[in-house]
Amino acid sequence: MSAVPHLMSLADLTAPQILRIVNHAHYLKQVSVPWLAPQSKKSARLRMPSQSLFNKSIALLFAKRSTRTRVSAETAAVLLGGRALFLGREDIQLGVNETPRDTARVIGGMCQGIFARVGAHEEIEELARYSPVPVLNALSSLWHPTQTLADVLTLHEHAHLFDTALKTPPPANKPLPQLRPLTVAYVGDSTNVLHDMLVTYPRLGHKMRVASPEKPAYQCPQPVWDRVTQLGCDKDIWWGSDPKEAVKGADVVVTDTWISMGQEAEKAQRLQDFAGYQVTEALCRDANPDWKFLHCLPRKQEEVDDQVFYGPRSLVFPESDNRKWTIMAAFDLLFGKWDLAGEKTLKILKE
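Predicted model only: the values in this text are computed from it and were never measured. (Residues numbered from 1 in each chain as written. Predicted model: local features only at pLDDT ≥ 70, side-chain atom pairs only at ≥ 80, totals over all residues. Heavy atoms only, no water.)

Student: Could you clarify how one ought to interpret the sheet that holds strand E7 (residues 237–240) in this entry?
Tutor: Strands in a sheet are paired, the pairing made by backbone hydrogen bonds, and the direction either parallel or antiparallel. Spatially, E7-E6-E5-E8-E9 is the arrangement adopted by the 5 strands of the open sheet, whose pairing is parallel. Sheet topology places E7 and strand E9 (292–295) at the edges, where each strand pairs with a single neighbour. Taken pair by pair, the neighbouring strands of this sheet meet at an average axis angle of 20°, ignoring direction. (Pairing = 2+ DSSP bridges. Helix = DSSP H or I, 4+ residues; strand = E, 2+ residues; numbered from the N terminus. Axes fitted to C-alpha atoms, helices over the stretch in contact; angles between N-to-C directions.)

Right, dumping it as structure tokens:
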């Protein structure tokens, strides 16, 4: 039997493998959306999305609450013919009377995949070490791969906003358009969302500019930066403490929460440290005139003002929608087919 595949971070995949998931998400979206529309006479002629999870169960092991990740995972599993079992911290014995090792073996003996949203990254590594079925990182202290997949899909779908030669969005049932090299600026704390961006965008041909306060607490953790340098991504990353400098020439501006779950006691100090980091038109006056905005949500007022968040620059709700389709693609390839790497597809792409 093949070794059990897992996905902890997009650093674990090559650039073609990342794009394979994104393109598969686009395909599944095009196939699935008509099925979700009101019934019509044409429904009998619709193509079914992959049913790789038919009669299979996926465990959603959530130590931290979520809106987008949970809803997208549950609805994606249904579209793939399976079901998702939500297992919150109050629902099972993990961390109370049972070790992650034992939990992984028990759940993996009954379910065909584990989608785990945990605290410390070591927790999901231990689950993967002992699970007999694939484990997908739904969020850990260091990484958030499914968020970056959704962001990449969103940018490709809106490639026409960055390249006047494209003029319009991609027609239905057509491949995703190529995305010209972008400058992606991130202002805020060095969170798990940023970390997967750091190991992804440079390998896809984009440049990153990051601004975070100079305090060590807001800098990139060493294990993450080690992966960044191992992959050669650091050559295309500028990092400083001035958010105005970071957004110069940016095509896309991104931020995330300044106060993650578990950091509520630090709120006053963090708000003080991030003074001047709120994304506004004024902050981004030196960005590309057509710059766009991304945020993983939930959003707080201090992170970005209403003019940007609800205005024409914002792609946050298409980005949120795409959590469903990229998670569906990961579920199909990882849990349904054990083929996340897609070596045959990679051979075709390389040729």
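Student: What am I meant to see in helix H2 (residues 68–79) here?
Tutor: For an α-helix the count is 3.6 residues per turn, leaving residues at separations of three or four pointing the same way. Between its terminal C-alpha atoms H2 stretches 16 Å, which fits the 16 Å expected from 12 residues at 1.5 Å a residue. On its buried face, H2 sits against helix H1 (15–36), strand E1 (57–62), strand E2 (83–88), strand E3 (113–117), strand E4 (135–139) and helix H11 (316–336). Taken from the residues just after H2, Gly 81 is the one with a positive phi, measuring 90°. (Expected span 1.5 Å × (residues − 1). Contact = heavy atoms within 4.5 Å.)

Student: How should the pairing of E1 be read in this particular structure?
Tutor: A regular strand places its side chains on the two faces of the sheet in alternate fashion. A large share of E1 lies buried, amounting to 6 of its 6 residues. Judged by which residues are buried, E1 turns out to be covered on both faces: Ser 57, Ala 59 and Leu 61 on one side and Ile 58, Leu 60 and Phe 62 on the other are all buried. Crossover connection from E1 via H2 to parallel E2: handedness right-handed. (Buried < 20%, exposed > 50% of the residue type's maximum accessible area, 1.4 Å probe, protein only. Right-handed = clockwise from strand over helix to strand, strands pointing away.)

Student: Is there a simple way to think about the pairing of E7 in this case?
Tutor: Judged from the 4 bridges that link them, strand E6 (residues 207–211) and E7 form a sheet pairing that is parallel. Residue pairing in the sheet places Met 208 in a bridge with Ile 237 of E7. Since E6 and E7 lie parallel, the crossover through helix H7 (residues 222–230) that links them has a hand, and here it is right-handed.

Student: I would appreciate a short explanation of the side chain of Asp 256 in the present structure.
Tutor: Considering the arrangement of structural elements, one finds Asp 256 in the loop between strand E8 (252–255) and helix H9 (267–273). No salt bridge is formed by the buried Asp 256. Its closest oppositely charged neighbour is Lys 300, at 7.3 Å. Looking at Asp 256, its side chain comes within polar contact range of the side chain of Thr 191, at 2.7 Å. Residues in contact with Asp 256, not counting those within four places in the same chain, are Tyr 186, Thr 191, Asn 192, Val 193, His 295, Cys 296 and Glu 303. (Lys, Arg positive; Asp, Glu negative; His and termini not counted. Salt bridge = Lys/Arg side-chain N within 4 Å of Asp/Glu carboxyl O. Polar contact = N/O pair within 3.5 Å; in protein donor to acceptor, adjacent residues only side chain to side chain.)

Student: Where do I start with the sheet that holds E2 in this structure?
Tutor: The strand order E2-E1-E3-E4 describes an open sheet built from 4 strands, whose pairing is parallel. Edge positions in the sheet fall to E2 and E4, since each of these pairs with one other strand and no more. In this sheet, neighbouring strand axes are inclined to one another by 20° on average, regardless of whether the strands run parallel or antiparallel. Across 6 bridges, the pairing between E1 and E2 is parallel. In the sheet register, Leu 60 faces E2, and the bridge partner there is Phe 86. Packed onto the sheet, H11 meets E1, E3 and E4 and runs at close to 160° relative to E4.

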